[in-house]
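Here is what each chain is made of, one letter per residue.
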Amino acid sequence: MRFDTIIIGGGLSGLVSAIECARAGQKTAVVSAGQSALHFWSGSFELLGQAGGETVIDRPLDSLDTLPENHPYRRIGSERLRTLLSKVPGMLSDAGLKSAGSLDRNHLRLTPLGFLKPAWLTLGDYVAFEAGKPLPWKKVALVNIYSYLDFYPRFLAYGLEKRGVECKMAAVNIPDLDTLRKSTTEMRATNMSRFLTDSAVDRLAAEVNKVAKGMDAVIMPAVLGIYSDAPVECLRKGVDVPVWFVPTTPASVPGVRCQLSLRDLFIRLGGEFLPGDIVKGGEFEKNRLRRVYTVNLGDMPLEGDNFIISTGSFFGHGLIADIERIYEPVFGLDLNVKGGRTEWYRKDFYAPQPYMEYGVTTDKEFRPSRKGETIENLYATGALLAGFNALKEGSGAGITLATALHVASRITG
Ligand SMILES: Cc1cc2nc3c(=O)[nH]c(=O)nc-3n(C[C@H](O)[C@H](O)[C@H](O)COP(=O)(O)OP(=O)(O)OC[C@H]3O[C@@H](n4cnc5c(N)ncnc54)[C@H](O)[C@@H]3O)c2cc1C
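Fair warning: this is a prediction, and the values are worked out from it, not measured in the lab. (Residues numbered from 1 in each chain as written. Predicted model: local features only at pLDDT ≥ 70, side-chain atom pairs only at ≥ 80, totals over all residues. Heavy atoms only, no water.)

Caption draft 1: Region of the structure containing the overall build of the chain. The number of helices and strands found in the chain is twelve helices and 23 strands. A compact globule built from 413 residues would reach a C-alpha radius of gyration of about 22 Å, and the chain, at 22 Å, matches this within 12%. Seen through its principal axes, the chain has C-alpha atoms that stretch 70 × 45 × 40 Å. A burial count over the chain gives 53% of its 413 residues as buried. Across the chain, contacts joining residues at least 24 apart in sequence account for 66% of those joining residues at least 6 apart. Distance between charge centroids for the chain: 2 Å, based on 48 positive and 46 negative side chains. (Helix = DSSP H or I, 4+ residues; strand = E, 2+ residues; numbered from the N terminus. Rg over C-alpha atoms; globule rule 2.2 N^0.38 Å. Buried < 20%, exposed > 50% of the residue type's maximum accessible area, 1.4 Å probe, protein only. Contact = heavy atoms within 4.5 Å. Lys, Arg positive; Asp, Glu negative; His and termini not counted. Charge placed at Lys NZ, Arg CZ, Asp CG, Glu CD.)

Following this line, the structure appears as structure tokens:
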């Protein structure tokens, strides 16, 4: 099978570059092994939340010179970053995802543990506050689903009460969820969202209304709307006060919705999505990758003019660590790993960990190398790249989206 561009990895990075290539009329394929970081997603995309030891709120793109020179943002440059990232809300909207946020100012998202963290874009139904202003509510109801364990109203109440919001905690039930409740392992957000549709949402809204009286808002766990935001809209219509959502312990309902919506947009644009398959290697001629082989297709190669590797970091299995070495398993690409095992980490759990910055090294066009030789038609994007600590910087999705869009626009011209 022959394609213009073949993308290895179907997480946020792979899907975004795939959509751009398909939109430009390229015959595009995505090979996707399975679960991605999106399945753990908070509902917010971070751009840059920390720089030079400070929390960043205003003009995050003006803080880039505090980052190391080889940081992916620095290599793209702030002007081009702005152009690339300003496409994201439109792409999300084309996929059916409403988001709010600005490249000029971070807002604050409410974490499941009741902290406020800077973010760039947050899904429209999720709690987000304007930074530097008092919170917009005096009294909120934190409404859990009865016997659901992956939502922590006490932590949320602690965080909100510190900021002057009075919190009332309640749990509601509807008989539609009783089947799941027979086993505690079934009471998961993604499972509940499959039951919370149509008239079950009306029944839920009626129960929520009973505890919402006199409140400025209701905050609920993100357990509705795995395939679309229709159940969320329905619940919001049925409750007399505004309803907002907070992410839960994974698997994440907004994350699965985001993953499926982007995948569906790619397929609508004519893309070929190969789910549940793993690229196991490729064949090179001179410094060009000619074809890749997958587990499911066996001897039948996928041939392409260009390839993008977006297999993620350790979490996505884009990088593998064993007792002796860290390596990129598909092509054996060059990495920035320094030293032996004891240098990969610091014993202080809270210190920035060296391994977080490990990844594939590339030239300025994000083309990786093998044994020092750049591969002319292979590009690397997203969490697989070297040179940043997404956790410390609060930059994970921003880098993922920017590098995916940058590389796709280079390939499509
Ligand atoms: C648990 C977790 C939660 C996060 N939450 C947030 C958040 O809420 N907000 C935020 O801004 N950032 C978050 N991040 C940062 C995150 O790194 C980026 O936001 C981004 O989602 C990474 O996308 P990616 O596509 O580069 O990698 P991944 O999401 O890891 O996707 C890589 C994909 O490639 C597939 N793959 C791997 N090897 C192969 C192969 N050989 N063949 C085919 N497919 C393969 C994997 O199965 C996976 O589906 C989070 C990161 C993690 C690890």
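Caption draft 2: Local environment of the nonpolar core. Formed by 130 residues in total, the largest nonpolar core has its most connected members in Phe45, Ile145, Leu160, Leu204, Met220 and Leu235. A total of eight residues in this core trace back to one element, the largest contributor, which is helix H12 (residues 396-412). Here this core gathers at least three residues from each of two domains, domain 1 (2-99 + 257-412) and domain 2 (127-246). (Core = buried A, V, L, I, M, F, W, Y, C linked by side-chain atoms within 4.5 Å. Domains from an automatic or database assignment.)

Caption draft 3: Layout of the site of the ligand. Taken together, the neighbourhood of the ligand is formed by 33 residues, with Gly34, Ala37, Ser42, Glu46 and Ala383 sitting nearest. Residue Ser13 places a main-chain N or O atom 3.0 Å away from an oxygen atom belonging to the ligand. Contacts to the ligand include Ala397, whose backbone N or O atom sits 3.3 Å from an oxygen atom. Burial of the ligand by the surrounding chains reaches 85%, relative to a free accessible area of 1,000 Å². The set of elements that each furnish at least two residues to the shell around the ligand consists of helix H1 (12-23), strand E2 (28-32), strand E3 (44-45) and H12. For the shell around the ligand, the leading source of residues is H12, giving three residues. (Near = heavy atom within 4 Å. Polar contact = N/O pair within 3.5 Å; in protein donor to acceptor, adjacent residues only side chain to side chain. Areas by Shrake-Rupley, 256 points an atom, 1.4 Å probe, with all protein chains shown as cover.)

Caption draft 4: Quick look at the domain arrangement of the chain. Each assigned domain of the chain is listed here: domain 1 (2-99 + 257-412) and domain 2 (127-246). Computed from C-alpha atoms alone, the centre-to-centre distance between domain 1 and domain 2 is 34 Å. Between domain 1 and domain 2, the residue contacts involve four residues of the former and nine residues of the latter. Both sides of the domain 1 and domain 2 interface together cover about 480 Å² of buried area, and 49% of this is carbon and sulfur. Per-residue buried area on domain 1 facing domain 2 is highest for Lys98, Arg257 and Leu260; these three make up 80% of the total on that side. We note a salt bridge from Glu233 to Lys98, for which the minimum N-O separation is 3.7 Å. Our enumeration of links across domain 1 and domain 2 arrives at two residue pairs in polar contact (both at pLDDT 80 or more). Across the side of domain 1 that touches domain 2, the residue classes tally to two nonpolar, no polar and two charged. (Buried area = accessible area lost by both parts, 1.4 Å probe. Salt bridge = Lys/Arg side-chain N within 4 Å of Asp/Glu carboxyl O. Nonpolar A, V, L, I, M, F, W, Y, C, P; charged D, E, K, R; others polar.)

Caption draft 5: Expanded view of unusual backbone geometry. Residue Ala251 follows Pro250 across a cis peptide bond; omega there is 0°. By the element assignment, Ala251 lies in the loop between strand E14 (243-246) and helix H10 (253-268). Positive phi outside glycine occurs at Arg59, with the angle close to 40°. Mapping Arg59 onto the fold places it in the loop between strand E5 (54-55) and helix H2 (72-76). What makes Arg59 partly exposed here is its relative accessible area of 48%. The phi torsion at Phe366 lies on the positive side, around 65°, for a residue other than glycine. Here Phe366 is to be found in the loop between strand E20 (326-327) and strand E21 (369-370).

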